[in-house]
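Descriptive analysis of the structure
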Amino acid sequence: AKGEGRNNIQLFDSRLNEAAAMRVRTETRLRDALEHGHFLLHYQPQFTTIGEHIVGVEALLRWQPPDEEMVPPNQFIPLAEDTGLIVPIGAWVIDEALAQLARWRSAGIDGLRMSINLSAHQLRLRELPRLIGRSIEQHGLQPADLELEVTESVAMRDPESTIGILTQLRDMGIALAIDDFGTGYSSLSYLKLLPISRLKLDRSFVHDIESNPNDAAISAATISLAHTLGLEVVAEGVEGPAQLGMLTQLGCDLLQGYHFSRPLAAPALADFVRDWRASH
Ligand code: C2E
Ligand code: CA
Ligand code: CA
Ligand code: CA
């Protein structure tokens, strides 16, 4: 039995080493991907509840290693965050998304706002507002063309410095949204202090909204709270007409989800917007 214990420890040890080696390999591959342009963005449109106008898109990061399948963000963003690589990757996302918005505009696809996800690391960068400002200017855009999404838990971390930097961004004219709202623990009094303009109702509440009274109640309360505070609500994960109907009835402002469109590569998004606008 003693020997077995030692074997278990050795096995555990070698598994730890394997995990560490794997991390280092992935980190190297992520650096490589950034250097060689193997990241790309997909874009998911956002619709007004009333009239179903497309008013914005959310940029969603993808990793496309050559000759391999596309890697979804949940499989590499956590490591990018742990290693701090999310900072240069995130800077690329901001610049690429804004460049794309400018390209669409020149092609006659206008009236879109670009929403970009920010991670905690990026919010600790003092030069973030300057970096974003420069990118906006370089692409001939206005700050109001951009919305930044931060999750509740990111916004709640180190509240003082976060509020400082978010306020700076807001004062530049950039819109801010709280992502995945309802899944973290934001105190409502703190929410009042954040310089935000939108809440994104997490898709876990939207999924069963028409069959689960608790989810419906949480959604209704969130929408009513948001409106009281002068904020708009974006529902994420709208997958079908029942959710659309319920959210419209509850007065939700904007909708995003597979019911309308999956996230699309830039050319497909352009086609989608043109077709939608031609037929609605
Ligand atoms: P998120 O910000 O909450 O993004 C929404 C996710 O929901 C996206 O997953 C989107 O594809 C998915 N989605 C949209 N509509 C529906 C629907 O109707 N049903 C369902 N089941 N899912 C839907 P995705 O693209 O895999 O992104 C996952 C997460 O990765 C994002 O969650 C965000 O937290 C993170 N992420 C993506 N891009 C970036 C980025 O550029 N920077 C950072 N820091 N995080 C990013
Ligand atoms: Ca988001
Ligand atoms: Ca979200
Ligand atoms: Ca999420």
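The coordinates are above.
Residues numbered from 1 in each chain as written. Chains lettered and ligands numbered in written order. Predicted model: local features only at pLDDT ≥ 70, side-chain atom pairs only at ≥ 80, totals over all residues. Heavy atoms only, no water.

Bringing the coordination of the calcium ion (ligand 3) into the picture now. The coordination sphere of the calcium ion (ligand 3) contains the protein donors Asp179 (OD), Asp180 (OD), Glu236 (OE) and Glu236 (OE), at a distance range of 2.1 to 2.7 Å. Along the chain, the residues donating to the calcium ion (ligand 3) are arranged with the sequence spacing D-D-x55-E. Here the calcium ion (ligand 3) and the calcium ion (ligand 2) are spaced 3.8 Å apart, with Asp179 acting as a shared donor. By relative accessible area, Asp180 is classed as partly exposed at 24%. (Donors = N, O, S within 2.8 Å, 3.2 Å for Na, K, Ca; no water. Buried < 20%, exposed > 50% of the residue type's maximum accessible area, 1.4 Å probe, protein only.)

For the calcium ion (ligand 4), the full set of protein donor atoms is Asp180 (OD) and Asp180 (OD), at a range of 2.8 to 2.9 Å. In this model, the calcium ion (ligand 4) sits 3.7 Å from the calcium ion (ligand 3), the two metals being bridged by Asp180. Tracing the chain through its elements places Asp180 in strand E5 (residues 175–181). (Helix = DSSP H or I, 4+ residues; strand = E, 2+ residues; numbered from the N terminus.)

In the region of ligand 1, 21 residues are neighbours, and Gln44, Arg62, Arg203, Glu239 and Tyr258 sit closest. Between ligand 1 and Glu58 there is a distance of 3.2 Å, counted from an oxygen atom to a side-chain nitrogen or oxygen. For the shell around ligand 1, the secondary structure elements donating two or more residues are strand E2 (54–63) and E5. Per element, the largest residue contribution to the shell around ligand 1 is four residues, and it comes from E2. For the shell around ligand 1, the residue count by class is eight nonpolar, six polar and seven charged. (Near = heavy atom within 4 Å. Polar contact = N/O pair within 3.5 Å; in protein donor to acceptor, adjacent residues only side chain to side chain. Nonpolar A, V, L, I, M, F, W, Y, C, P; charged D, E, K, R; others polar.)

In this section: the side chain of Ser115. In this structure, Ser115 sits in strand E3 (residues 113–117). A polar contact is formed between the side chain of Ser115 and the side chain of Glu147, at a distance of 2.8 Å. Not counting residues within four places of it along the chain, the set of residues in contact with Ser115 comprises Gln46, Val57, Glu58, Ala59, Glu147 and Glu149. (Contact = heavy atoms within 4.5 Å.)

Before going further, it helps to spend a moment on the packing of aromatic side chains. Evaluated as defined, the whole model comprises 10 aromatic pairs. Measuring from centroid to centroid gives 4.9 Å for Tyr43 and Trp104, while their planes differ by 75°, and the two rings are edge-to-face. Of the two residues, Tyr43 is situated in strand E1 (residues 39–48) and Trp104 in helix H3 (residues 86–106); the sequence distance between them amounts to 61 residues. With relative accessibility at 1%, the residue Tyr43 sits in the buried group. Aromatic side chains Phe47 and Phe272 sit 6.3 Å apart centroid to centroid with 85° between the ring planes, which places their arrangement in the edge-to-face category. Of the two residues, Phe47 is situated in strand E1 and Phe272 in helix H12 (residues 266–279); the sequence distance between them amounts to 225 residues. Like Phe272, Phe47 is buried. Linked through ring pairs, Phe39, Trp63, Phe76 and Trp92 together constitute an aromatic cluster. Between Arg262 and the ring centre of Tyr258, over which it is positioned, the NZ or CZ distance is 3.8 Å. (Phe/Tyr/Trp six-rings, centres within 6.5 Å; stacked < 30°, edge-to-face > 60°. Lys NZ or Arg CZ within 6 Å of the ring centre and 35° of its normal.)

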